[in-house]
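So you can see what is in the structure, the chains are spelled out below.
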Amino acid sequence: MDTPVADFVRRYHKAGSVRFHMPGHKGIPCLGCEGLDITEIAGADALFQAEGIIRESERNATVLFGFGRTLYSAGGASQCIKAMLYLTMLYQAERKKTSRYVLAARNTHVSFIQACGLLDLLPEWLYPGDEGIIEPGTVGDMLARMTEKPLAVYLVAPDYFGRSPDTRGIAAVCSRYDVPLLVDNAHGAYLKFLPESRHPVDLGAFMSADSAHKTLPVLTGGAYLQLSKRVPEEIAAAAKGALALFGSTSPSYLILQSLDLCNAYLAGGYREKLAGFVGEVENTKARLERMGWQVSPSDPLRIVVGTAQAGYTGAEVAARLRDEGIEPEFAGPSEIVLMTTPENTPEQLDRLCRVMAGLPRLAPRERPALSFPQNQRVMSPREAMLAPREIISAGAAAGQVSAMPVILCPPGVPVVVSGEFIDESCVALFGAYGIETVEVVACGGPGKPTFRA
Ligand SMILES: Cc1ncc(COP(=O)(O)O)c(C=O)c1O
């Protein structure tokens, strides 16, 4: 597969032109990559008005994913999530459906809450069950109960721990109610390339936001906005403008080159490489289980190991791994999360197993349950985000209204989001997770509710 963006920049760098243009480093190395960091010079195209090499490269990505359209973002899935919601508002407005409600999974990333504030949307929450999963039946019940059908149903799949709901089942429910399904697929760009695709757009999502950088060899910030073939042409045509609304006018050419080069990587035997490596990860999970470690179900490239049963906190196990030169993605109170890709080697997986084998089993610890408080909303997220606010001690926040979301990140579980009433159970969670201060609406307590829904 050709790589027009990377080829152009390399040619330009090699030519040694005098750079009377941005960026300010002029290609003189400080980090080492400056030579390849350019701006929208002649021939370099422009991300948000792509008509040349970037359009060509995005077409390559569209062919690889096989959906309606794949668009690049240099601002992460965070930018794509906002653009996806905005585009859905345009889509629904065309159909004379103007609800401000989004039926959304509570285990949401902060970028969704930010989008609600920016676009004046009202989340109606879907709470995961005991297994941390949202069931199609729950979505169906909520949709049946909502007299005003929402703008969209919004899921996070997979989540930070690699758990996914039955996306296909939920998509079928959404289609019954004629409500588009949007998926935060930040952790699952690679799912398209499994022997049988598990990508949410293949499972029925209308659109998805995929971080390329989390699971593919792409620089941090590289992401895709995925439009299914069901997105009408006039909405797809608005997608560049939608991304521009939430991004910098100077998207990084380093990130764009890595997205461009990733196309060639994906076209060059990635499926086979991935299938082989998934087998290695499965073997690693089985080996850890045989040692007595509790391995949670997750997406194929992630290894989530419960540590409490063996008597450790996640942080204690992470410290032992670090001593042996292994850095996990996340260490929680009772688990560690390891994110792998085929860029890791079987030797590295073997090294992980050997360190884990060397940890003596201790008396089990209690596993603190992470519950999702069901708070009362007293203002819209937008009203709360734009209201006068004050920063106060988290311990003294009971009775106040949150101005900004407080999210345990990772794993991305909101304790309270903008516009919600903070009660004693929220304060207890702030304490348990070391949150010291919160931003609250000044004089916006329950005595002055401005809830408009
Ligand atoms: C579930 C989830 N959604 C969205 C994002 C945002 O992705 P990005 O960092 O690519 O903007 C993250 C980032 O960690 C995430 O974990």
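(A) The arrangement of the overall build of the chain in detail. When you go through the chain residue by residue, the secondary structure sums to 15 helices and 15 strands. Relative to the compact-globule value of 22 Å for 453 residues, the chain shows a C-alpha radius of gyration of 23 Å, a close match. Once the C-alpha set of the chain is aligned to its principal axes, its extents read approximately 65 × 60 × 45 Å. Expressed as a percentage of the 453 residues in the chain, the buried residues total 56%. The contacts of the chain with a sequence gap of at least 6 include a subset with a gap of at least 24, amounting to 72%. Here the chain has roughly 19300 Å² of accessible surface; of this, 53% comes from carbon and sulfur atoms. For the chain, the distance from the average site of its 43 positive side-chain charges to the average site of its 49 negative ones is 3 Å.

(B) Geometry of the site of the ligand. Around the ligand sit Gly 76, Ala 77, Ser 78, Ile 81, His 109, Val 156, Asp 184, Ala 186, His 187, Ser 211, His 213 and Lys 214, and that is every residue in its neighbourhood. Within the backbone of Ala 77, an N or O atom sits 2.8 Å from an oxygen atom of the ligand. A distance of 2.8 Å separates an oxygen atom of the ligand from a polar atom in the side chain of His 213. In isolation the ligand offers 390 Å² of accessible surface; the protein chains occlude 82% of this area. Per-element accounting of the shell around the ligand gives the leading share, 4 residues, to helix 3 (residues 76–94). Split into classes, the residues belonging to the shell around the ligand amount to 4 nonpolar, 6 polar and 2 charged.

(C) Molecular detail of the domain arrangement of the chain. Partitioning the chain into domains gives domain 1 (46–258), domain 2 (271–357) and domain 3 (381–441). The straight-line distance from the C-alpha centre of domain 1 to that of domain 2 is 29 Å. Of the residues lining the interface, 18 residues belong to domain 1; the matching set on domain 2 comes to 18 residues. Interface area for domain 1 against domain 2, summed over the two sides, is near 1400 Å², with a carbon-plus-sulfur share of 61%. Considering only the side of domain 1, the residues that lose the most area to domain 2 are Tyr 160, Phe 161 and Tyr 190, jointly responsible for 42% of the buried surface there. At the boundary of domain 1 and domain 2, one finds 0 salt bridges. Taken together, the links from domain 1 to domain 2 amount to 6 residue pairs in polar contact (both at pLDDT 80 or more). Here the residues of the side of domain 1 that touches domain 2 are counted per class, giving 10 nonpolar, 3 polar and 5 charged.

(D) Just the packing of helix 12 (residues 314–323) against helix 13 (residues 346–357), in detail. Where helix 12 contacts helix 13, the two axes come as close as 10 Å, and the packing angle between them is 120°. By the angle class used here, helix 12 and helix 13 are oblique. Between helix 12 and helix 13 the crossing geometry is right-handed. Within the contact between the two elements, helix 12 uses Val 317, Arg 320 and Leu 321 and helix 13 uses Leu 352, Val 355 and Met 356.

(E) Summary view of empty space enclosed by the protein. Counted by the stated rule, this structure contains 3 cavities of 30 Å³ or more. In this structure, the largest cavity spans a volume of roughly 60 Å³. For the largest cavity, the full set of lining residues is Ala 105, Asn 107, Gly 132, Ile 133, Ile 134, Leu 155, Val 156, Asp 159, Arg 163, Ser 164 and Pro 165. The residue inventory of the lining of the largest cavity, partitioned by class, reads 6 nonpolar, 3 polar and 2 charged. His 187, Tyr 190, Lys 214, Thr 215, Asp 299, Leu 301, Arg 302, Met 339 and Thr 340 are the residues that line the second largest cavity.

(F) Seen up close, the confidence of the model for the chain. Put simply, the chain has an average pLDDT of 94, and 97% of its residues get 70 or more. In the model, residues 449–453 has pLDDT below 50 throughout and makes 14 contacts with residues more than four positions away in sequence or in other chains.

(G) Main features of the pattern of salt bridges. Here the structure, examined in full by the defined rule, presents 15 salt bridges. Here Arg 365 makes a salt bridge to Glu 316, at a shortest N to O gap of 3.4 Å. Taken together, the residues Arg 365 in the loop between helix 13 and helix 14 (381–386) and Glu 316 in helix 12 connect sequence positions 49 residues apart. Two residues, Arg 322 and Glu 327, come together in a salt bridge whose shortest N-O distance is 2.8 Å. Given the relative accessible area of 43%, Arg 322 is considered partly exposed.

(H) Inspection of the nonpolar core at higher detail. Formed by 123 residues in total, the largest nonpolar core has its most connected members in Leu 85, Val 153, Tyr 154, Tyr 224, Leu 225 and Met 356. Not counting residues up to four positions away in its chain, the partners in contact with Leu 85 are Val 102, Phe 112, Ala 115, Leu 119, Leu 121, Leu 151, Tyr 154 and Leu 182. Ranked by size, the runner-up nonpolar core spans 15 residues in total, among them Leu 408, Ile 422, Phe 430 and Ile 435.

(I) Molecular detail of helix 2 (residues 53–65). Its 13 residues place the ends of helix 2 19 Å apart at the C-alpha level, agreeing with the 18 Å of an ideal helix rising 1.5 Å per residue. Listed as buried for helix 2 are Ile 53, Ile 54, Ser 57, Glu 58, Asn 60, Ala 61, Thr 62, Leu 64 and Phe 65. Positive backbone phi, at 75°, marks Gly 66, one or two positions downstream of helix 2.

Definitions and cut-offs
Residues numbered from 1 in each chain as written. Predicted model: local features only at pLDDT ≥ 70, side-chain atom pairs only at ≥ 80, totals over all residues. Heavy atoms only, no water. Helix = DSSP H or I, 4+ residues; strand = E, 2+ residues; numbered from the N terminus. Rg over C-alpha atoms; globule rule 2.2 N^0.38 Å. Buried < 20%, exposed > 50% of the residue type's maximum accessible area, 1.4 Å probe, protein only. Contact = heavy atoms within 4.5 Å. Areas by Shrake-Rupley, 256 points an atom, 1.4 Å probe, with all protein chains shown as cover. Lys, Arg positive; Asp, Glu negative; His and termini not counted. Charge placed at Lys NZ, Arg CZ, Asp CG, Glu CD. Near = heavy atom within 4 Å. Polar contact = N/O pair within 3.5 Å; in protein donor to acceptor, adjacent residues only side chain to side chain. Nonpolar A, V, L, I, M, F, W, Y, C, P; charged D, E, K, R; others polar. Domains from an automatic or database assignment. Buried area = accessible area lost by both parts, 1.4 Å probe. Salt bridge = Lys/Arg side-chain N within 4 Å of Asp/Glu carboxyl O. Axes fitted to C-alpha atoms, helices over the stretch in contact; angles between N-to-C directions. Parallel < 35°, antiparallel > 145°, perpendicular 65-115°, else oblique. Left-handed = near helix turned anticlockwise from the far one by under 90°. 1 Å grid on protein atoms, 1.4 Å probe; cavity = no way out; pocket = protein on both sides within 12 Å on 5 of 7 lines; lining within 4 Å. Points joined across faces, edges and corners; volume = space filled by probe spheres on them. pLDDT = per-residue confidence, 0-100. Core = buried A, V, L, I, M, F, W, Y, C linked by side-chain atoms within 4.5 Å. Expected span 1.5 Å × (residues − 1).

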